[in-house]
Amino acid sequence: MRIIDSHTAGEPTRTILEGGPDLGSGPLQDRARRLEQAHGDFCKAVLLEPRGHDAIVGALLVPPSTPDCITGVIYFNPAGNLGMCGHATIGLAITLAHMGRIQPGLHRIETPVGIVSVTLHSMNEACVVNVESYRYRKDVRVMVDGLGPITGDIAWGGNWFFLTKDSPLPLEARHIAELTRLSTQIRTALIEQGITGKDGCEIDHIELTGPAKDPANHGRNFVLCPGGAYDRSPCGTGTSAKIACLAEDGQLAPGTLWQQESIIDSLYQLRYEPGKNGGIIPTITGKAYVTAEATLLFNPDDPYKNGIC
């Protein structure tokens with residue numbers, strides 16, 4: 001199985017070029033469902049130890065349904081599929097440029113939640129026009145064991161997020177273990193109390209927000225991903241959800257720059273334009289770097305060929 005690894009603002013992406021499962025034809029959303037339902041072992045084997053770790057996001061290249069797209073892609077992590085992934089889309093663009101498949105300019109990529117536009121600025125920088133993002137519910141209160149009431153917004157940025165108004169702990173790298181534990185408690189409480197996204201969708205990302213460390217920037221976050229790993233980047237879909245909330249509150253005007261820091265001090269730049277359905281269309285700009293090209297091997301006698309779960 002041929003792969004290329006990259007990282008975007010510190011968050012890793014593993015792009016699968018060849019050797020993935022046969023998902024048939026038809027709408028990409030259906031093929032993504034087949035991947036999740038029938039090929040869970042493949043996803044874990046590609047991402048988890050001994051070949052990887054639980055912070056890696058997989059990007060499986062598939063033929064697009066729409067001929068004007070350069071590729072289709074299905075994003076997944078060890079816990080299952082991701083609808084959209086901002087960092088992985090930037091990483092994918094840089095990977096395709098590294099392969100010589102695209103040049104600087106505008107390109108379209110098909111994801112299971114819609115077509116996104118990517119502009120490649122250079123061999124290491126790209127911007128992604130994300131899917132329409134919006135706030136679903138404001139000031140939702142959840143009771144969390146050991147923490148008490150936590151208030152946050154529920155918003156969609158390509159994935160479902162619960163965004164706290166303020167972090168219970170300072171958003172500093174030395175607190176990553178505690179922030180992970182607190183975010184896991186919040187997600188567990190949301191599930192136990194039946195608090196969901198639209199149409200009962202699980203809220204699988206928790207975003208703790210706070211002020212920027214660098215006065216030149218505008219915000220900072222810690223994001224817990226579905227598999228239990230934290231996002232090293234500022235999270236493209238999470239920051240899309242964040243600025244959707246700011247836009248609805250009248251705190252960020254269309255076209256205004258928002259610079260978001262991650263828990264490891266990496267940076268995304270975002271702007272938005274009004275969407276067609278009452279939400280916003282965010283554009284995420286970030287930098288990515290190719291870190292490896294490899295062939296993954298799967299020995300049938302290896303007791304851990306499907307990953308260490």
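Attention in this report is confined to the structure presented alongside it.

1. A look at the packing of aromatic side chains
Point 1. Inspection of the entire model under this criterion finds 5 aromatic pairs.
Point 2. Seen from their ring centres, F42 and F76 are 5.9 Å apart, and the 50° between their planes marks the pair as tilted. In this pair, F42 is assigned in helix 2 (residues 40-47) and F76 in strand 4 (residues 71-77), connecting sequence segments 34 residues apart. Of the two residues examined, F42 and F76, each falls in the buried class.

2. Some points on the pairing of strand 10 (residues 148-156)
Point 1. For strand 10, a buried count of 7 out of 9 residues is recorded, marking the element as mostly surrounded by other parts of the structure.
Point 2. Pairing geometry for strand 9 (residues 134-144) and strand 10, over 8 bridges, is antiparallel. In the strand pairing of strand 10, Y134 is matched with W156.
Point 3. Bridge count between strand 10 and strand 11 (residues 160-164): 5 bridges; the pairing is antiparallel. Bridge pairing links I154 to F162 in strand 11.
Point 4. Following strand 10, the chain reverses through 3 residues before pairing antiparallel with strand 11; G158 in that reversal takes a positive phi of roughly 115°.

3. Here's the deal with unusual backbone geometry
Point 1. Following E49, the chain continues to P50 via a peptide bond in cis, the omega torsion being 10°.
Point 2. Even without being glycine, D139 reaches a positive phi, approximately 50°.
Point 3. Within the chain, C235 stands out as a residue other than glycine whose phi angle is a positive 70°.
Point 4. Within the secondary structure, C235 is located in the loop between strand 13 (219-224) and helix 5 (236-248).

4. Regarding helix 2
Point 1. For helix 2, the set of buried residues is F42, C43, A45, V46 and L47.
Point 2. Considering only its buried residues, helix 2 is in contact with strand 2 (11-18), helix 1 (28-38), strand 3 (57-62) and strand 4.

5. Remarks on the nonpolar core
Point 1. Core analysis: the biggest nonpolar cluster contains 60 residues, and Y75, V142, F162, I186, L190, F222 and I243 have the highest contact counts within it.
Point 2. No other element matches helix 3 (residues 86-98), which puts 7 residues into this core.
Point 3. If we ignore the near neighbours within four places in the chain, the residues touching I243 are L252, W258, L270, R271, Y272, I280 and P282.
Point 4. Core analysis: the second largest hydrophobic core is formed by 17 residues, L23, L28, C43 and I56 among them.

Reading the values: the criteria
- Residues numbered from 1 in each chain as written.
- Predicted model: local features only at pLDDT ≥ 70, side-chain atom pairs only at ≥ 80, totals over all residues.
- Heavy atoms only, no water.
- Phe/Tyr/Trp six-rings, centres within 6.5 Å; stacked < 30°, edge-to-face > 60°.
- Helix = DSSP H or I, 4+ residues; strand = E, 2+ residues; numbered from the N terminus.
- Buried < 20%, exposed > 50% of the residue type's maximum accessible area, 1.4 Å probe, protein only.
- Pairing = 2+ DSSP bridges.
- Contact = heavy atoms within 4.5 Å.
- Core = buried A, V, L, I, M, F, W, Y, C linked by side-chain atoms within 4.5 Å.

Read these as layout, nothing more, since geometry by itself doesn't imply function.
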